[in-house]
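Architecture at a glance
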Amino acid sequence: MTFLWPAMLSLLVLVPAVAAVYQWSLRRRDRRIAALGAQGLATTGAGPQLGWRRHLPLVLFALALTLLVLATARPAATIVVPRRQATVIVAIDVSNSMAATDVRPSRIGAAKTVADAFVRRQPPGVRIGVVAFGQGSVIVQRPTSTHADVLQAINHLSLGGGTSLAQGILTSLDAIAGRTLKVNVASLGSDSAQVHIGYYGGATIVLLSDGENTSQTGPEPLARLASVAGVRIQTMGIGTAAGTTVKISGFTVATALDSQTLKAIATVTNGAYHQADVASGLRAVSGTIDLHFTIVHSHTEITAIFAAGAALVLVAGALISIRWFGRVV
């Protein structure tokens, strides 16, 4: 346990001070009773019969004072609490083909808009991370409950390079696992079910792409690996089937939405494919997020517990004093 205002602990000197005053008042009272007893004005045998009950109210008062001082120091402790949580990785294609304008204002612009809307729909219990992938991939925002950071990361994405859907999925799994997974993407083939990366049931990858894969490694083996790990992939297509052209390094290149590849990725993981410009798709993806109870360690201020304890002990001491002695003090 720690204290946010440790200087307030100096007030604990009040506890022995109260005890000292109490002892002084008892001795003074005993002397007065003895003096009156010598004059035949008081009996001297009643006091000892009270025994320990004579001191219990003061002990409770001192305990209440101690708890109250500790409360003013703002105690904090790491406590175990159940919390509804889910982990979602928003994986966004940032390859050159995403500059195409067959959707407005561009594919990457549409992807950012959809990703932004998706993040804003999620409750605080959803931890969201962002992965940007082209020919390679990078985690631009690790999973966090601070959704403002996620929105900022999405807004700052820029384009470049080809497209490796496999790398995008693998890096998303890295973000979910919280570590770099040792997976040889090129040699996965049909044996992805034999590679064990751990189990992350309830985690989801929301993959936004035009589906055009320019890498020699296909995305299906990585999708199977994600499925074995309990991760569902929801894909959202950005672009149109008719397509358009885009200039890359001075060359005009034709590009079109490859929905079949995106559908195959989603199907392998028991996910679903959605068209990004259909609002119902955004709602459907949000509805698949699996919020589940998990045990988390939280460093939390517990001032209220100490204050409530002090109040309860103080009331108990007052009631006992009234019951036994007919007075509070």
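Described below are features of the structure shown in this document. (Residues numbered from 1 in each chain as written. Predicted model: local features only at pLDDT ≥ 70, side-chain atom pairs only at ≥ 80, totals over all residues. Heavy atoms only, no water.)

Along the chain, the regular secondary structure elements total 10 helices and 10 strands. By residue count, 42% of the 329 residues in the chain fall in the buried class. Pairs at least 24 apart in sequence give 80% of the contacts found in the chain among residues at least 6 apart. Surface accessibility of the chain: about 17,000 Å² in total, with carbon and sulfur atoms responsible for 59%. (Helix = DSSP H or I, 4+ residues; strand = E, 2+ residues; numbered from the N terminus. Buried < 20%, exposed > 50% of the residue type's maximum accessible area, 1.4 Å probe, protein only. Contact = heavy atoms within 4.5 Å. Areas by Shrake-Rupley, 256 points an atom, 1.4 Å probe, with all protein chains shown as cover.)

Cis geometry is found at the peptide bond from R104 to P105, where omega equals -5°. When you line up the elements, P105 lands in the loop between β2 (75-93) and α4 (107-121). One non-glycine residue, S249, lies in positive phi territory at about 55°. Counting through the fold element by element, S249 comes out in the loop between β7 (244-248) and β8 (251-255). For S249, a relative accessible area of 70% gives the class exposed.

What follows deals with the pairing of β7. Examined bridge by bridge, β7 and β8 share 5 bridges and lie antiparallel to one another. Bridged to K247 within β8 is T252. The loop that links β7 with its antiparallel partner β8 comprises 2 residues; one of these, S249, has a positive phi angle of about 55°. (Pairing = 2+ DSSP bridges.)

This part is about the environment of I233. Of note, I233 is situated in strand β6 (residues 232-237). In the structure, I233 is positioned 34 residues away from T267 in sequence and 8.4 Å away in space, judged by C-alpha atoms. Apart from the residues within four sequence positions on either side, I233 is in contact with I169, I205, L207, A223, A226, I265, A266, T269, G271 and A272.

It is worth spelling out the packing of helix α7 (residues 220-228) against helix α8 (residues 259-268) at this point. Two elements in contact, α7 and α8, have axes whose closest approach is 8 Å; the angle formed by their N-to-C orientations is 25°. Relative to α8, the element α7 is oriented roughly parallel. Here α7 runs over α8; the crossing is right-handed. Residue-level contacts link E220, A223, R224 and S227 of α7 to A264, I265 and V268 of α8. (Axes fitted to C-alpha atoms, helices over the stretch in contact; angles between N-to-C directions. Parallel < 35°, antiparallel > 145°, perpendicular 65-115°, else oblique. Left-handed = near helix turned anticlockwise from the far one by under 90°.)

Here the focus is the pairing of strand β5 (residues 204-209). Counting buried residues in β5 gives 6 out of 6 residues, a clear majority hidden from the surface. Side chains T204, V206 and L208 of β5 all project onto a buried face; the interleaved residues I205, L207 and S209 project onto the opposite face, where all are buried too. Remark: the β5/α7/β6 crossover connection has right-handed handedness. (Right-handed = clockwise from strand over helix to strand, strands pointing away.)

So, about the packing of aromatic side chains. Counted by the stated rule, this structure contains 0 aromatic pairs. One residue, R74, lies across the ring of W5, its end atom 5.0 Å from the ring centre. (Phe/Tyr/Trp six-rings, centres within 6.5 Å; stacked < 30°, edge-to-face > 60°. Lys NZ or Arg CZ within 6 Å of the ring centre and 35° of its normal.)

Under the counting rule described, the total for this entry stands at 4 salt bridges. Between R107 and D210 there is a salt bridge, with the nearest N and O atoms lying 2.9 Å from each other. Here D210 lies in the loop between β5 and α7 and R107 lies in helix α4, a separation of 103 residues in the sequence. Here R107 matches D210 in class, with each residue buried. Between D116 and R120 there is a salt bridge whose closest N-O contact spans 2.5 Å. Taken together, the positions of D116 and R120, both in helix α4 and 4 residues apart, correspond to about one turn of that helix. Overall, the relative accessible area of 23% leaves D116 in the partly exposed class. (Salt bridge = Lys/Arg side-chain N within 4 Å of Asp/Glu carboxyl O.)

Looking now at the side chain of K112. Tracing the backbone through its elements, the reader meets K112 in helix α4. Separated by 3.2 Å, the side chain of K112 and the backbone oxygen of N155 make a polar contact. Excluding anything up to four places from it in sequence, K112 contacts I154, N155 and L157. (Polar contact = N/O pair within 3.5 Å; in protein donor to acceptor, adjacent residues only side chain to side chain.)

Okay, α8 next. Among all positions of α8, only S259, T261, L262, I265 and A266 are buried. For α8, the arc enclosing every buried residue in end-on projection is 165°, short of the 170-degree limit, so these residues lie on one face. Among the exposed residues of α8, those pointing more than 90 degrees away from its buried face are Q260 and T267. Buried residues along α8 sit against α6 (165-177), β5, α7, β6 and β9 (273-275). Where α8 begins, one side-chain oxygen reaches toward the backbone nitrogen of Q260, 3.4 Å away; that side chain belongs to D258. Among the residues trailing α8, N270 stands out with phi positive, at a value near 65°. (Arc of directions from axis to C-beta.)

Read these as geometric descriptors, not functional statements.
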